[in-house]
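# Architecture and fold: a report
Listed below, chain by chain, are the residues.
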Amino acid sequence: MKLLVSTVVAAFLALPAFSDTIPITLDIVNADGAPDGFNRSMVTANGTYPGPLITANKGDTLVVTVNNLLNDPTMRRSTSLDFDGLFVNTPDSFNEGSSFVTTCPVAPNASYTYTIPLVDNQTGTFWYHSQLSVQYVDGLRGALIVYDPEDPLQGLYDVDDETTIWQVGDWWHNTTLPLLAGYVATGIVPVSDTGTFNGVGRFNSGPEVPFFVVNVVQGTRYRFRIINTSARNVFTMSVDSHNMTIIETDGSPTSPMTVNSIDLLAGQRYSVVVEANQPVANYWINAPYVGGDPTRNLNQNATLSRAILRYQGAPEEDPTSPMSLGPAGAELNALVEANLRPLVASPAPEPDINITLNLVVTAGKAQWNINNVSYLPPDVPTLVKILDGANSTDDFNVTENTFVLPANKIVQVIFPPSVDDEEHPFHLHGNNFWLIKSNSSEEINTENPIKRDVSGVGSTGTIMRFSTANPGPWFFHCHIFWHFQAGLATVMASGLDETREQVHPTQTWTDLCPAYDALPSDLQ
Ligand SMILES: [Cu+2]
């Protein structure tokens with residue numbers, strides 16, 4: 001045992017020699033933009049939607065400085081950044097960015113630096129977004145890629161760079177404060193105007209904004225990294241006349257699996273290899289979406305959600321083939337999540353603790369309950385309460401829906417089948433989970449389940465397991481941010497004593513709460 005430990009320590013100490021510190025500055029500013037041809041004020045990082053691409057290599061440390069310069073009163077003025085899918089070790093949990101769970105938001109005209117070491121050799125496709133209310137709906141979202149210089153699947157593709165990232169997302173013409181007020185008044189989740197592909201989209205009767213063009217060279221294999229940065233919509237991705245071979249699921253390498261259509265719920269990511277093996281031409285990349293009743297928003301036209309795969313040598317024009325919604329009928333070979341397997345198979349550990357979560361909506365209201373509790377953000381963040389000595393469930397508000405768990409255990413979360421027209425993409429912060437039962441199948445798989453950090457909860461039921469070896473208060477919520485805002489969230493708070501021992505926040509972090517609390521409500 002002693003030998004083993006010293007080997008592990010030696011391997012760990014060898015890492016920093018190869019790791020870099022990646023400094024990134026994001027000015028969070030209101031900027032006018034027209035991703036789909038409709039001009040509106042947005043919340044952005046550095047003025048663009050999507051925000052600037054963040055890249056790093058395995059083992060690097062991200063040092064992200066956020067300067068909050070927001071000044072548009074129709075949207076939230078404070079902000080907070082979450083780095084979706086990254087493992088965050090307990091000592092760094094205070095920099096994890098979840099408003100009122102691990103931090104307070106950053107006030108207008110203030111700055112904050114999130115320092116996040118990339119741990120556990122984690123690599124893959126991630127993204128960042130505001131984690132304050134539904135602020136990311138206003139545009140504050142961007143890709144975050146962690147490259148693996150020793151990728152075991154590198155032999156399957158030739159190109160993997162800033163040109164091979166596909167960000168699809170839902171887009172609204174109105175800003176979030178009025179949209180949220182409408183949701184609260186009616187209980188009807190806002191239906192998006194548009195879907196965007198790398199920040200470009202079209203709506204019914206809108207201007208013909210040029211579709212995003214993905215350039216390829218015949219005979220080359222591309223690793224496309226697909227991210228659904230939506231707050232609601234499900235996107236279905238396909239490329240006319242081309243297959244997609246999935247090799248990564250939410251940052252976990254998966255056994256190569258070839259399909260021709262992939263559904264992504266909000267927050268989900270996949271890497272796919274596409275071989276440019278067809279005649280030189282233009283091909284549609286189809287990215288139709290669903291999210292609510294389209295008759296509630298007549299701007300919406302999912303057929304217009306697409307991009308162009310353009311072979312070198314092809315004319316600079318739209319493909320001549322029909323704008324379909326992708327393969328259908330006998331042609332369809334769609335991803336079934338339950339069929340995915342990890343690249344390296346290993347069984348899921350047996351659970352020590354079982355938790356059943358029942359999701360119920362209050363009819364006609366913007367209110368979701370989990371086990372009869374609708375989550376409300378506390379005034380004092382969960383982590384602050386833990387550092388101040390919280391020891392049991394009683395030390396948190398009932399509406400924090402916080403599950404106090406021991407460290408170093410395996411927790412199984414069971415979502416019974418739920419009847420609702422939308423699948424809820426449940427997302428665990430700071431960690432990932434074994435997907436024991438996918439909503440896509442009746443099969444229970446403890447032998448070789450995939451690990452991911454967002455999976456759908458719906459009509460057939462879902463079972464996940466996660467380890468509490470990395471203690472902390474980890475948000476666990478629906479990634480339909482309208483539902484999240486309506487209370488569809490819990491906090492999995494593990495190892496409270498261990499958290500106190502390991503978390504030593506900076507004074508700058510400690511100062512965030514009094515600064516935020518002192519703000520008038522229109523600046524919060
Ligand atoms: Cu939901």
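This section reports on the structure supplied with the text. (Residues numbered from 1 in each chain as written. Predicted model: local features only at pLDDT ≥ 70, side-chain atom pairs only at ≥ 80, totals over all residues. Heavy atoms only, no water.)

Turning our attention to helix 2 (residues 176-186). Along helix 2, the residues that are buried comprise Thr176, Leu179, Leu180 and Tyr183. Along helix 2, the residues classed as buried sweep out an arc of 95 degrees about the axis, all on the same side. Against the buried residues of helix 2 lie strand 23 (368-370) and helix 4 (481-485). Positive phi shows up at Gly187, right after helix 2, with a value of about 75 degrees. (Buried < 20%, exposed > 50% of the residue type's maximum accessible area, 1.4 Å probe, protein only. Helix = DSSP H or I, 4+ residues; strand = E, 2+ residues; numbered from the N terminus. Arc of directions from axis to C-beta. Contact = heavy atoms within 4.5 Å.)

Now for the nonpolar core. Judged by nonpolar contacts, the single largest core of 86 residues is most densely connected at Met237, Phe426 and Trp482. Apart from the residues lying within four places of it in its own chain, the contact partners of Trp482 are Val134, Val137, Trp172, Leu179, Leu180, Tyr183, Val189, Pro190, Ala231 and Arg232. (Core = buried A, V, L, I, M, F, W, Y, C linked by side-chain atoms within 4.5 Å.)

Okay, the side chain of His242 next. By the element assignment, His242 lies in the loop between strand 13 (234-239) and strand 14 (244-249). At a separation of 2.7 Å, a polar atom in the side chain of His242 contacts the main-chain carbonyl oxygen of Asp240. Setting aside chain neighbours within four positions, we find His242 in contact with Asn260, Val274, Glu275, Ala276, Asn277, Gln278, Tyr283, Leu309 and Tyr311. (Polar contact = N/O pair within 3.5 Å; in protein donor to acceptor, adjacent residues only side chain to side chain.)

Another aspect to go through is the sheet that holds strand 27 (residues 433-437). Here five strands make up an open sheet; going across it, the order is 21-25-30-27-28 and the pairing mixed. Strands at the two margins of the open sheet, each flanked by one partner only, are strand 21 (353-356) and strand 28 (451-452). When strand 25 (residues 410-415) meets strand 30 (residues 462-467), the two strands line up antiparallel, connected through six bridges. What sits directly across from Gln412, in strand 30, is Arg465. (Pairing = 2+ DSSP bridges.)

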